[in-house]
Amino acid sequence: MPRDSASHEPLLGSRAGNGSATLTFAYTVADLAPLTDPTSPKLPRELGGTAKICDGLRVDPKVGLHSDETGADSIGHSDHTKFEARTKAFGRNILPTVKSASFWELVLKAYNDRTLILLSIAAFVSLGVSVYEDYGPHHKPGEPRVGWPSHYQKERQFRKLNAKKDDRCVKLLRDGREQEVNVKEIVVGDVLLMEPGDLLAVDGIVLSSHNITCDESSATGESDAMKKDTEEHCYIISGSKVLDGTGRMLVTAVGPNSYFGTTMMAMREATPEETPLQIKLDILAESIAKLGMAAAIAMLMTLVVKYFVQLSLSNEEYPSGSEIFSDMVKIVIQAITIVVVAVPEGLPMAVTLALAYATTQMLKDNNLVRVLSACETMGNATTVCSDKTGTLTQNKMTVVQGTLSLKSFTTQEKVKDWKAEVTPEVAQIIIEGIALNSSAFEDKDERGNLAFIGSKTESALLGFIKSLGASYSNIRADVKLAKVYPFSSLKKTMSCVAETPEGPEKYRLYVKGASEIVLRGCTHFVDAEGQVKSLDDTSRARIEQIIGRYADQALRTIALSYRDVSASEFKKFSDEDAPSNKLVCLGVVGIMDPLRPGVVESVKSFEKAGVTVRMITGDNLQTARAIATNAGILKTGGLAMTGPDFRKLSKEKQIEAMTRLQVLARSSPTDKTIVVRCLQELGEVVAMTGDGTNDGPALKMADVGFSMGITGTEVAKEASAIVLMDDNFSSILKSLMWGRAVNDSVRKFLQFQLTVNITAVVLSFISAVTSENNESVLSAVQLLWVNLIMDTLAALALATEPPSPDVLKRMPTSKKAPLINFNMWKMILGQAIFQIVVNLGLLWYGGRLFHLQNPDGTITDENMIVLRTMIFNTFVFLQVFNELNCRRIDDSLNVFKNLHNNKIFIIVQVIVLGCQFVIVEFGGKAFKTTPLTGNQWLVTLLIGSLSLPVGLCLRLLPKHLVPEKVISHESEERQPLVKSATLGWEGITQHAAIQSNLFDSIRKPKHGGHRRHDQEDDKAGHRLWNKFMKKNRDEESAN
């Protein structure tokens, strides 16, 4: 049977399967898929009814499938498997296994890094050279020999766990009797028996239902339990759980073609991409490696040419081959040193260290990071798409406003003030009515916390009287109920009759329910003084106005009423139909799911940080607009629309609408994936929240997926990169702060390391080329210590700084922005030039400056060691003070700001200074140092501290003094798609345009000869007026 081309798009896109009709069955996978699409399910009657579907699938619903079923193609073949025709047409209830990476594939993936490869080559060359140096014929006796003294398991465990989880049995009707079979053996056409507690692994339609109620929250995100029948609500989706009732269902989709299977397969298709920081770091590492190799080759060639030129010009005897080879080895060591110093081998460690530290700290902020790279990706997020229920709101219906006895309260905090204003008698009637006329009760939930169990509305009302200090359980124990009328969905009311021996009458009737219905049955009301008065038209209009005001704010309005009943009247009450006339109106309360504390402030902080917050919810548009406006998400000029309307737009229109879209109501998981795709096409870095199985594809597709730790399903958690342990929107803001702190930490370390790299390479190159014996001013062991300072210890110091509120005062960094910005290049080049000049100046003029040379200008060997030690000491101190400069990568002048918050930085600096003292004073021949005097220590310390004032001067250097050809001045900030000011202005002008057109139409003069045109103008004016009033009502409801 062909599928209707005008049917709605399925929730998760078209499902896989054989599209052509088979010889055996009347339907294909594509025909049956719309039956279980939660957003637009096709009813069985559209396919001819349940009986015709069963007939098309060759199954008798009273008997089930026959175990000996054979297809037409299996006649004469005894080796065909059971239900082969069905599995061929509709698939098996097994998801294709994902190929796991082997041990060597994981090793190769981990080793696929240019820096590691280059360092490995250098290490092998250095190993060979070091062996020769340490044990060769020219090794000096005094010189130290320093040259050469769980993913796979997790992958296997994960596969075993999945296999065990999927191995369970279900009850089917086959051969006319109940049978238990493995869940993997279910096929399309089977009749599945449903019982409370069953977790359904296939899609289907209900054949018979005895009060079947299903929890589909894990699949669709809808928190309310869904009652199933054989007519309108007949679809069953995989991943849902049977809460109550029994029944039978016809299986219509299994395996990859089921709702759950389609979700899982969509998640598998999403391949992880490299983060913007990883891409930039790869490019930088490759560039540095090329420059380092070029510098090493240049140094090697220069020293070799210089060596042989000196030999040729020298009058001394030509050295032997072994001596020349030994000298060549020394030159090679110098070149290898250049490579080791130039290559930022500490950069991967700094990134990993920053991420590891951030993730451990984020756990304290209720962010469980599952994917390490998601932490730094979140730092560059430009938009956050959030759920409403449980994330922005508390997921707990609460009485937030009310007018009872004509006394109002507008917030939860003012409830006790209201109680003090009304008379005690009226307050007692209201409290007793709520406590008695309710089936909800307080008990411990699945997490062990006290909570109200039952209807969300009744729970909200019980929470209201609890906040007044009343105990519903004591009231129920003290008062005897004579009659109870449960909530009627037809009348939308709930009633009860209580005995009141001390009241004016023997009985009292309490009625609550939908405000307009309860008010219709009221003839009296309680005024502000607590007096019962007749409900005239004026008073009724006043109460209706209150109801309308609450409804405009998307509050669920509940009216409370009562009536004193005599014994004779009570005898006339029916046991079925609750009395609903002659009631006394106590007032109206407004119930809603309130915002979580801190949400409004978090949204404002996101806005200051240049991150746009969008709300995607399954609620209706009016409620979504009200919540979004209260949270500060929906602003003037912003767009709020429903998912079905959004899906009807063309791709170009969707992308155009996305720039202003702030609220998407009545949305499905398909809408979430479309939103993510559109935003990513616009260049946005998207963070998405989700809690249901259906959210899996969107969470996987987003740059950073956030799942809910409390209400989220395992599928959602598996698809996400970060789990919000408290389901709180404010925790996302903390992850943004930590993400930006990680990016800043990497850039701080990069700024520091590149300065040391440039300085060390240039200094080693120049000093080696200008020295008589081709030796660098810094020995190999000293360079090892410098390397340790600028790699391990610097990474530890700069990568562990906690975020400050200042990180939220700037825009996100653009994907295309360079890793090293103008301010960083200023510091890197400026500090490198300064350090090179200082060290070379000390090398060439230090003997005279420090009074270490003889009167004839020569320097003894002992004084030369002192000079080299002072140069080494100065070099280290320059790095220590420059590390303070690198704490700031902007133009902030105070490099000591928040230093007390980073204890690790302080500890690392103390360790470096302590180790430097030990190396200088006791290093001796190993480090080629000698002890220094107090004055020499002070001089080197003062010279090193000059890095701070130099850094200050560099920060004050304006951009226009540095040509853009030398350093790019391009801004790295990513601006929002549409600025708030622009949205607000466009919203105001649009509003003004509608008003202008409206009044122009109203004021247009009429002439007798143009009556027809006047009538058309009147109609146009009315249309504009209606449009204007509708817009006003919408804006009022939002506000």
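In the annotation of an unreviewed UniProt entry, the entry for the protein reads Calcium-transporting ATPase, and the organism field reads Lunasporangiospora selenospora. Quoted straight from UniProt, the Catalytic activity (unreviewed entry) entry for the protein says "Ca(2+)(in) + ATP + H2O = Ca(2+)(out) + ADP + phosphate + H(+)". In its Sequence similarities (unreviewed entry) section, the UniProt entry covering the protein states "Belongs to the cation transport ATPase (P-type) (TC 3.A.3) family."

Asks: Would you mind showing me how to read the overall build of the protein here?
Replies: Check the secondary structure of the protein and you find 36 helices and 26 strands. Counting all 1039 residues of the protein, 49% fall into the buried class. Of the roughly 50400 Å² of accessible surface on the protein, a fraction of 56% belongs to carbon and sulfur atoms.

Asks: Is there a simple way to think about the packing of aromatic side chains in this case?
Replies: Any two aromatic rings considered together are summarised by their centre-to-centre distance and by the angle between their planes. Taken as a whole and judged by the stated rule, the model has twelve aromatic pairs. Between Phe25 and Phe90, the ring centres sit 5.2 Å apart and the planes meet at 55 degrees, which makes this aromatic pair tilted. One end of the pair, Phe25, is in the segment before helix H1 (29–32); the other, Phe90, is in helix H3 (residues 84–90), and 65 residues separate them in sequence. The same class applies to Phe25 and to Phe90, which are both buried.

Asks: Explanation requested: the sheet that holds strand E24 (residues 686–690) in the structure shown.
Replies: Sheet strands pair via backbone hydrogen bonds, and the direction of the pair is either parallel or antiparallel. Strand order in this open sheet of eight strands is E8-E26-E25-E24-E9-E21-E23-E22, and the pairing throughout is mixed. The open sheet terminates on both sides in strands that have one partner only, identified here as strand E8 (367–369) and strand E22 (639–642). Strand-to-strand twist of the sheet, defined as the mean angle between neighbouring strand axes without regard to direction, takes the value 20 degrees. The pairing of E24 with strand E25 (residues 704–708) spans four bridges and is parallel. The partner of Met688 across the bridge, within E25, is Gly705.

Asks: Can you walk me through the packing of helix H33 (residues 934–945) against helix H34 (residues 947–955) in this structure?
Replies: When two helices pack together, their arrangement is given by the angle between their axes and by how far apart the axes lie. Packing of H33 against H34 brings their axes to within 5 Å, and their N-to-C directions diverge by 10 degrees. Judged on the interaxial angle alone, H34 and H33 are roughly parallel. Between H33 and H34, the residues in contact are Ile943, Gly944 and Ser945 and Ser947, Leu948 and Pro949, respectively. Grouping the constituent residues of the contact of H33 with H34 by class yields three nonpolar, three polar and no charged.

Asks: Would you explain a nonpolar patch on the surface in this entry?
Replies: A cluster of nonpolar side chains, namely Ile758, Leu829, Ile833 and Val837, defines an oily patch on the protein surface of about 330 Å² accessible area. Among the elements that take part in the nonpolar patch, helix H29 (residues 822–849) stands out by supplying three residues, more than any other. Judged by its relative accessible area of 34%, Leu829 falls in the partly exposed class.

Asks: Just to check I follow, could you spell out the nonpolar core for this structure?
Replies: Note on soluble globular proteins: their nonpolar side chains tend to be buried together. In terms of nonpolar packing, the biggest core is built from 150 residues, with Met378, Phe606 and Phe729 touching the most fellow members. A total of 18 residues in this core trace back to one element, the largest contributor, which is helix H27 (residues 729–770). Formed by 41 residues, the second largest nonpolar core is a distinct cluster that contains Leu32, Leu172, Ile212 and Cys234.

Asks: What's the story with empty space enclosed by the protein in this structure? I'm lost.
Replies: One way to see where empty space is left: roll a probe the size of a water molecule over the atoms. If you add up the space inside the largest cavity, you get close to 130 Å³. In terms of residue count, the dominant contributor to the lining of the largest cavity is H27 (four residues).

Asks: Sorry if this is basic, but what is going on with the confidence of the model for the protein here?
Replies: For residues with low pLDDT, the predicted coordinates do not support detailed interpretation. Predicted confidence across the protein gives a mean pLDDT of 79, with 80% of residues reaching 70 or more. Between residues 72–80, whose pLDDT stays under 50, and residues either more than four places distant or in other chains, the model counts three contacts. Here residues 1006–1022 is modelled with pLDDT under 50, and outside its nearest four sequence neighbours on either side it reaches seven contacts, counting other chains as well.

Asks: Help me understand the pairing of strand E14 (residues 481–488), please; the structure alone is not making it clear to me.
Replies: Each regular strand shows side chains that alternate between the opposite faces of the sheet. Relative to strand E15 (residues 493–499), E14 runs antiparallel, the two sharing five bridges. Each bridged residue has a counterpart across the sheet, and for Val484 the counterpart in E15 is Cys496. The turn joining E14 and E15, which pair antiparallel and follow one another in sequence, is formed by four residues; a positive phi near 55 degrees is taken by Lys492.

Asks: Please explain unusual backbone geometry as it appears in this structure.
Replies: Leaving glycine out, the prevailing phi sign among residues is negative, and the prevailing peptide bond configuration is trans. Even without glycine at this site, Asn366 takes up a positive phi of about 70 degrees. With respect to the element layout, Asn366 can be found in the loop between helix H11 (346–364) and E8. A positive phi angle, close to 55 degrees, is found at Asp727, a residue other than glycine. According to the relative accessible area criterion, Asp727 is buried, its value standing at 3%.

Asks: Help me understand helix H20 (residues 599–608) in this model?
Replies: Think of an α-helix as 3.6 residues a turn; residues three or four steps apart then line up on the same face. Buried within H20 we find Val599, Ser602, Val603 and Phe606. All buried residues of H20 lie within an arc of 100 degrees about the axis, which places them on one face of the element. In H20, the exposed positions angled more than 90 degrees off the buried face are occupied by Glu601, Lys604 and Lys608. Check the buried side of H20 and you find it contacts strand E9 (383–386), strand E21 (612–616), helix H21 (621–631) and H27. In the stretch just after H20, Gly610 is the one whose phi turns positive, near 80 degrees.

Asks: Is there a simple way to explain the environment of Asp695 in this structure?
Replies: Tracing the backbone through its elements, the reader meets Asp695 in the loop between E24 and helix H25 (696–701). Classification of Asp695 as buried rests on a relative accessible area of 5%. Spatially, the C-alpha atoms of Asp695 and Ala716 are 6.4 Å apart, while their sequence positions differ by 21 residues. Ignoring any residue separated from it by four or fewer positions in sequence, one finds Asp695 in contact with Asp387, Lys672 and Gly690.

Asks: Whenever I open this one, the packing of H20 against H27 confuses me. Can you help?
Replies: For the pair H20 and H27, the least separation of the axes is 9 Å and the interaxial angle reads 30 degrees. Judged on the interaxial angle alone, H27 and H20 are roughly parallel. Here H20 and H27 pass one another in a crossing that is left-handed. Within the contact between the two elements, H20 uses Val599, Ser602, Val603, Ser605 and Phe606 and H27 uses Phe729, Ser730, Ile732, Leu733 and Leu736. When its residues are assigned to classes, the contact of H20 with H27 shows seven nonpolar, three polar and no charged.

Asks: Honestly, the environment of Asn863 in this entry has me stumped. Any pointers?
Replies: For Asn863, the location among the structural elements is in helix H30 (residues 861–885). With a relative accessible area of 23%, Asn863 lands in the partly exposed category. For the pair formed by Asn863 and Gln853, sequence separation is ten residues and the distance between their alpha carbons is 7.4 Å. Separated by 2.8 Å, the side chain of Asn863 and the backbone oxygen of Leu852 make a polar contact.

Asks: Would you take a moment to explain the state of the cysteines for this structure?
Replies: Disulfide: a covalent bond connecting the sulfur atoms of a pair of cysteines. According to the stated counting rule, one finds zero disulfides in the structure shown. Residue Cys522 stays outside any disulfide, its sulfur separated by 4.6 Å from that of Cys585, the closest cysteine. For Cys522, a relative accessible area of 1% corresponds to the buried category.

Asks: Would you take a moment to explain helix H24 (residues 669–681) for this structure?
Replies: A rise of 1.5 Å per residue sets the reference length of H24, with its 13 residues, at 18 Å; its end C-alpha atoms lie 19 Å apart and thus fit the reference within 8%. H24 sits mainly inside the fold: ten of its 13 residues count as buried. Taken as a whole, H24 has its buried residues at Pro669, Thr670, Asp671, Lys672, Thr673, Ile674, Val675, Val676, Cys678 and Leu679. Trailing H24 by a residue or two, Gly683 shows a phi angle of about 90 degrees, which is positive.

Asks: Can you walk me through the side chain of Gln835 in this structure?
Replies: The topology assignment puts Gln835 in helix H29. Look past the residues within four positions of Gln835 in its chain and what remains in contact with it is Thr755, Thr759, Leu878, Gln879, Asn882 and Ser947.

Asks: In this structure, what is going on with the environment of Ala628? I would like to understand it.
Replies: When you line up the elements, Ala628 lands in helix H21. Accessibility expressed as a relative area gives 0% for Ala628, which makes it buried. C-alpha separation for the pair Ala628 and Val663, spaced 35 residues apart in sequence, amounts to 7.1 Å. Ala628 has contacts with Met615, Ile633, Leu634 and Val663, leaving out every residue within four places of it along the chain.

Parameters at a glance
- Residues numbered from 1 in each chain as written.
- Predicted model: local features only at pLDDT ≥ 70, side-chain atom pairs only at ≥ 80, totals over all residues.
- Heavy atoms only, no water.
- UniProt positions renumbered as here; feature names shortened; annotations may be inferred.
- Helix = DSSP H or I, 4+ residues; strand = E, 2+ residues; numbered from the N terminus.
- Buried < 20%, exposed > 50% of the residue type's maximum accessible area, 1.4 Å probe, protein only.
- Areas by Shrake-Rupley, 256 points an atom, 1.4 Å probe, with all protein chains shown as cover.
- Phe/Tyr/Trp six-rings, centres within 6.5 Å; stacked < 30°, edge-to-face > 60°.
- Pairing = 2+ DSSP bridges.
- Axes fitted to C-alpha atoms, helices over the stretch in contact; angles between N-to-C directions.
- Parallel < 35°, antiparallel > 145°, perpendicular 65-115°, else oblique.
- Contact = heavy atoms within 4.5 Å.
- Nonpolar A, V, L, I, M, F, W, Y, C, P; charged D, E, K, R; others polar.
- Patch = residues over 30% accessible without salt bridge, like charges linked within 9 Å, V, L, I, M, F, W, Y side chains within 5 Å.
- Salt bridge = Lys/Arg side-chain N within 4 Å of Asp/Glu carboxyl O.
- Core = buried A, V, L, I, M, F, W, Y, C linked by side-chain atoms within 4.5 Å.
- 1 Å grid on protein atoms, 1.4 Å probe; cavity = no way out; pocket = protein on both sides within 12 Å on 5 of 7 lines; lining within 4 Å.
- Points joined across faces, edges and corners; volume = space filled by probe spheres on them.
- pLDDT = per-residue confidence, 0-100.
- Arc of directions from axis to C-beta.
- Left-handed = near helix turned anticlockwise from the far one by under 90°.
- Polar contact = N/O pair within 3.5 Å; in protein donor to acceptor, adjacent residues only side chain to side chain.
- Disulfide = S-S within 2.5 Å.
- Expected span 1.5 Å × (residues − 1).

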